[in-house]
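# Descriptive analysis of the structure
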Amino acid sequence: MSMAQPGMSMERADIAFKINGAAVSVCVPPVRRLSSVLRDELHLTGTKVGCDAGDCGACTVLVDGEPVCACLMSVASAAGTVVTTVEGLANGRLSALQASFLDHGAAQCGICTPGLLVAATALLDSKPNPTEAETQDALGGVLCRCTGYRKIIAAVMDASRHADGVDRRMPQSGHAVGSSPIRLDGLPKVTGGEKFGGDSFPADALAVLVVRSPHYHARFAFGDLDAWIKAHPGAVGVYTAADIPGKNSFGVIAPFADQPALAEGFSRFRGEAVALVAGEREAMLDLDLSDFPVRWTELPHVLQPCEAQAGGAQLIHENRPANLLTTGFVERGDPEAALAGAAFTVSGAIDTSYVEHAYIEPEAGYAYMDGETLVVVACTQAPYMDRDDVAKVLGLAVDKVRIVPTATGGGFGSKLDVSLQPLIGLVAMKTGRPAALAYTRNESMISTTKRHPAEMKATIGADADGRIIGMVFAGDFNTGAYASWGPTVANRVPVHASGPYATPNYRAEGRAIHTNGPISGAFRGFGVPQATIMQETLYDELAEKLGLDRLDFRLKNCLRNGSETVTGQRLESGVGIAECLEALRPHWMRALVDAELFNAGSSTKKRGVGVASCWYGCGNTSLPNPSTIKVGISASGDVVLHQGAVDIGQGSNTVIAQICADALGLPLGKFRLKSADTAITPDAGKTSASRQTFVTGKAAEKAGRALRETMLRFANVSEKAAIALDGTSLVIREGEATRHIDLSALKADADGFVFRAEESYDPPTLPLDAKGQGKPYAVYGYGAQIAELEVDLRLGTAKLIKITAAHDIGKAINPLLAEGQIEGGIAQGIGMALMEEYIPGRTENLHDYLIPTIGDVPPIETILIEVPDPEGPFGAKGLGEHVLIPTAPAILNAIRHATGVLVTKIPATPSRIRAAIREKEARR
């Protein structure tokens, strides 16, 4: 639902055109966006709206065969044309292109998929066998935040050779684990049938607008709200903090919860919500909030941690002295003595910027009352956390709040925090009518969380043989106006800042500091990507001082089975970082030779090669982290999996089903998913911290084995028996004997199951003591990447040539999805390294805030390393966050290799690279 198009209260007109082969006529204002008409009037919600500015391309449709952004085209301009949307691409069965997208895993979250499919269809109509350059050129206007684009390119180039059909890779027998079937939720992603947060608003829903603070810090007071409502026909009500019936405070970590759903009396950051306006949809489309009766008094503000910690700085929260939210700390051995005795030491400082999640789907959802129960249907990564916070804010019992997640068009951490859920819930409770809200791109960017900016410094020392003997790290992380995930970042960083290397003497401190800047929260890595930039760039300098090859230096110091981490945790098995680095060796040697040959013949452009490693603990840090899975056999012979792990594109719907299938001993094709819904699906925990494959996957493995055992016991056979489903018959074979059990004759329970199992899993961890010693994670994943690039010394531009990535994932449950995660994470790492810098007040849209496009991501070679961990399901480890962590430091090390300079303010934009080169030249 479009929420704001000022100046649209004009006369309507009948406008006729063809849509997907059918003649239609709509009576709407002629200047209404075509995208709005397609979605709101014709209910063709396959056309997505990500920006309403032509920046993201999600709304791409064909008009007379040519791709256009429907958000930039008035419906009057479409009169008499032939319009094709994603819903019109399949004529009774999938097009070859749609089938190719499924087969290649080119759709992850799926929010950008319709726009890409439509744009690619136009390309293939004119060039059935396009080159990679032609494909990139044709799709350059459509942004994707999940895939890294490489599988999209492959799918388009392969479409002409692709047979129609989607089922040939859905195994009906044999092992599901280790295979790459199409996504269980893949079909609606390519047909336009997937329903995201803004795709299914009830026709009678009130539209909600949010009044937000234009200032970083301000007092405010409202004028005559009743009079303002009366002066605006169609407006139904205004709601402020005074209308909130519960505790006006939420937060993802209960002891630190501090954010009001609607600010009371003063706002702490630019974009903070202070009031809601609800009204009829058509009236809200035209409503201008510039005359809303609120008076602002600007107050002093601080945007940098150093300002916030300066003497006399105003406290952003009275109960947090010096604006310090919290501190994380790890200490082992005597780092000062070790550094003093080191043969070689290096020291450095690096600053990183705010990074915007930039998922293509802005937050959206609706709420309604079902009797006494408030139902919220919205995009989210954490339905049970949403339920608890909404209940608290709105003064409801938790069993009177139901969260029904929609498909989520990207999350990467920001959709862990509640956003619009309590707001639409409040309106639905107050009015008794459904209430719907879709954030504009600007709203999404100014009001939701970012990656923490970091100011870091570190010193690392090695002995004469090149062994690391000590490290000291300190990082200040700008957590913004409210806590969000600041405590997690502050605590996770010191555990990981050593990298996956044996570091016997170590001290690391991470501090989360409040400012009046945007709220910093979870973003793929919880601060570890920032800390890894600091550590891995120093490793390059130290290797140079030692006269060692940079890859060899890392291999000499990396963790191995039997190593102890900086928290004193002994890693008995499953440590795969050495295998990752060794797998890169032939690529490393080839890349160095290529760079040397190129540089010998070029004076204005230089090639560089960089390497970096990562490790990452899967799940919460030293905290309970359970997941529960329910699975049963229905009387009709289906395996019904209640899978509450929200799939935001990473593939948990498929991967967790694959694990359960093999544990149960039945084919994946028999499975039917019941996705997350707090009313019917057990809590599988939040989709974050690379925990779902490991934690929920382990619960699914346990549940599958338990269900199998229940059925075998019922049949009175041994564990060696084989089971199969044939219609409504359960077939059990043991030796020469075969038994048929008629499922339809058995009594079904309330869930419709005749056999069932429900199992939970919580990783075994131990608390960290005062010095950060303990067992914070049960399983770690490992990885290493090589970046090859070319720097133009005059312009400061860095052009990526190739990235090679080796990641130890324990067991590749679904190799194709694992590759997709790696490519997508690398694309985000490229953005972090080279272009992404959120500046409040300046880069609050997808035009000024740059994320990688299809032309920015080079070829990626993925090497899947499988060093099983005995704790993980079938040996699997997490992957989602690991894959982003090494990319930026590998790129920065490659820039240094090419130019001799390290950029210490990230991102390394052309101006910063050029400034560093000039500074180096001035020192000569």
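Note that this is a predicted model, so its numbers are computed, not measured.

### A short note on the overall build of the chain
- Counting its secondary structure elements, the chain contains 22 helices and 33 strands.
- A compact globule built from 924 residues should have a C-alpha radius of gyration of about 29 Å, and the chain, at 28 Å, falls within 12% of that.
- For the chain, the spread of C-alpha atoms along the principal axes amounts to about 85 × 80 × 60 Å.
- Across the 924 residues of the chain, 64% fall into the buried class.
- Within the chain, contacts between residues separated by at least 24 positions form 78% of all contacts whose residues are at least 6 apart in sequence.
- For the chain, the accessible area works out to roughly 31,200 Å², and carbon and sulfur atoms hold 51% of it.
- Here the chain contributes 86 positively and 103 negatively charged side chains, and the mean placements of these two sets differ by 3 Å.

### Regarding the pattern of salt bridges
- Considering all chains together, one arrives at 53 salt bridges under this definition.
- Notably, a salt bridge pairs Lys 400 with Glu 372, separated by 3.7 Å at the nearest N-O pair. With Lys 400 in the loop between helix H11 (383-394) and strand E17 (401-405) and Glu 372 in the loop between strand E15 (364-370) and strand E16 (373-378), this residue pair connects regions lying 28 residues apart in the sequence.
- Among the residues examined, Lys 400 registers a relative accessible area of 31% and is labelled partly exposed.
- Here Asp 749 and Arg 756 are joined by a salt bridge, their closest N and O atoms 2.7 Å apart.
- Here the salt bridges do not stand alone but share partners, grouping Arg 12, Arg 32, Asp 40, Glu 41, Arg 281 and Glu 282 into one network.

### Considerations on the packing of aromatic side chains
- Counted by the stated rule, this structure contains 16 aromatic pairs.
- Considering the side-chain rings of Phe 220 and Phe 222, the 5.4 Å spacing of their centres and the 65° angle between planes classify their relative orientation as edge-to-face.
- Note on Phe 220: relative accessible area 9%, which makes it buried.
- By relative accessible area, Phe 222 is classed as partly exposed at 24%.
- A ring pair is formed by Tyr 539 and Phe 553, whose centres lie 5.1 Å apart and whose planes are at 50°; its orientation type is tilted. Here the residue Tyr 539 occupies a position in helix H15 (residues 528-546), and Phe 553 occupies one in helix H16 (residues 550-557), the gap between them amounting to 14 residues.

### Remarks on the packing of H15 against H16
- Here H15 crosses H16 at 105°, and the two axes come no closer than 9 Å. Between H15 and H16, the angle is such that the two are roughly perpendicular. Only Arg 550, Phe 553 and Arg 554 of H16 make contact with H15, whose side of the interface consists of Glu 536, Tyr 539, Asp 540, Leu 542, Ala 543 and Leu 546.

### As for the sheet that holds strand E31 (residues 780-792)
- With mixed pairing, four strands are arranged side by side in an open sheet as E23-E31-E32-E33. Here the strands that pair on one side only, and so sit at the sheet edges, are strand E23 (605-617) and strand E33 (860-865). Neighbour to neighbour, the strand axes of the sheet diverge by 15° on average, direction disregarded.
- Pairing geometry for E31 and strand E32 (residues 798-808), over ten bridges, is antiparallel. Paired with Ile 786 across the bridge in E32 is Thr 804.

### Some details on the packing of helix H20 (residues 815-834) against helix H21 (residues 887-899)
- Closest axis-to-axis distance for the H20/H21 pair is 8 Å, and the angle between their directions is 50°. By the criterion of interaxial angle, the relationship of H20 to H21 is oblique. Of the two possible hands of crossing, H20 and H21 adopt the one that is right-handed. Across from Gly 825, Ile 826, Gly 829, Ile 830, Ala 833 and Leu 834 in H20, the residues of H21 making contact are Thr 887, Ala 888, Ile 891 and Ile 895.
- Of the residues that constitute the contact of H20 with H21, the class distribution is seven nonpolar, three polar and no charged.

### Re the environment of Ser 520
- The topology assignment puts Ser 520 in the loop between strand E22 (506-514) and H15.
- The sequence separation of Ser 520 and Ala 242 amounts to 278 residues, and the corresponding C-alpha distance is 27 Å.

### Topic: the side chain of Ser 35
- Looking at where Ser 35 falls in the secondary structure, it is placed in helix H1 (residues 34-41).
- If we ignore the near neighbours within four places in the chain, the residues touching Ser 35 are Val 49, Asp 52, Cys 59, Ala 70 and Cys 71.

### Considerations on the nonpolar core
- Residues Phe 101, Phe 473 and Ile 891 are the most contacted members of the largest nonpolar core, which totals 155 residues.
- The contacts of Phe 101, once residues within four sequence positions are left out, are Ala 106, Ala 107, Thr 113, Leu 116, Leu 117, Ile 152, Ala 155, Val 156 and Val 190.
- Val 695, Ala 700, Ile 732 and Ile 741 belong to the second-largest nonpolar core, a separate cluster that totals 46 residues.

### Some thoughts on the pairing of strand E20 (residues 454-462)
- Pairing analysis gives eight bridges linking strand E13 (residues 344-351) to E20, with the strands arranged antiparallel. Its bridge partner lying in E20, Ala 349 is registered against Lys 457.
- Of the strand pairs in this sheet, E20 and strand E21 (residues 468-480) are connected by nine bridges, and their pairing is antiparallel. Its bridge partner lying in E21, Lys 457 is registered against Ala 474.
- If you look at the hairpin formed by E20 and E21, you'll find five residues sitting between the two strands, and Gly 466 has a positive phi there, around 90°.

Thresholds applied
- Residues numbered from 1 in each chain as written.
- Predicted model: local features only at pLDDT ≥ 70, side-chain atom pairs only at ≥ 80, totals over all residues.
- Heavy atoms only, no water.
- Helix = DSSP H or I, 4+ residues; strand = E, 2+ residues; numbered from the N terminus.
- Rg over C-alpha atoms; globule rule 2.2 N^0.38 Å.
- Buried < 20%, exposed > 50% of the residue type's maximum accessible area, 1.4 Å probe, protein only.
- Contact = heavy atoms within 4.5 Å.
- Areas by Shrake-Rupley, 256 points an atom, 1.4 Å probe, with all protein chains shown as cover.
- Lys, Arg positive; Asp, Glu negative; His and termini not counted.
- Charge placed at Lys NZ, Arg CZ, Asp CG, Glu CD.
- Salt bridge = Lys/Arg side-chain N within 4 Å of Asp/Glu carboxyl O.
- Phe/Tyr/Trp six-rings, centres within 6.5 Å; stacked < 30°, edge-to-face > 60°.
- Axes fitted to C-alpha atoms, helices over the stretch in contact; angles between N-to-C directions.
- Parallel < 35°, antiparallel > 145°, perpendicular 65-115°, else oblique.
- Pairing = 2+ DSSP bridges.
- Left-handed = near helix turned anticlockwise from the far one by under 90°.
- Nonpolar A, V, L, I, M, F, W, Y, C, P; charged D, E, K, R; others polar.
- Core = buried A, V, L, I, M, F, W, Y, C linked by side-chain atoms within 4.5 Å.

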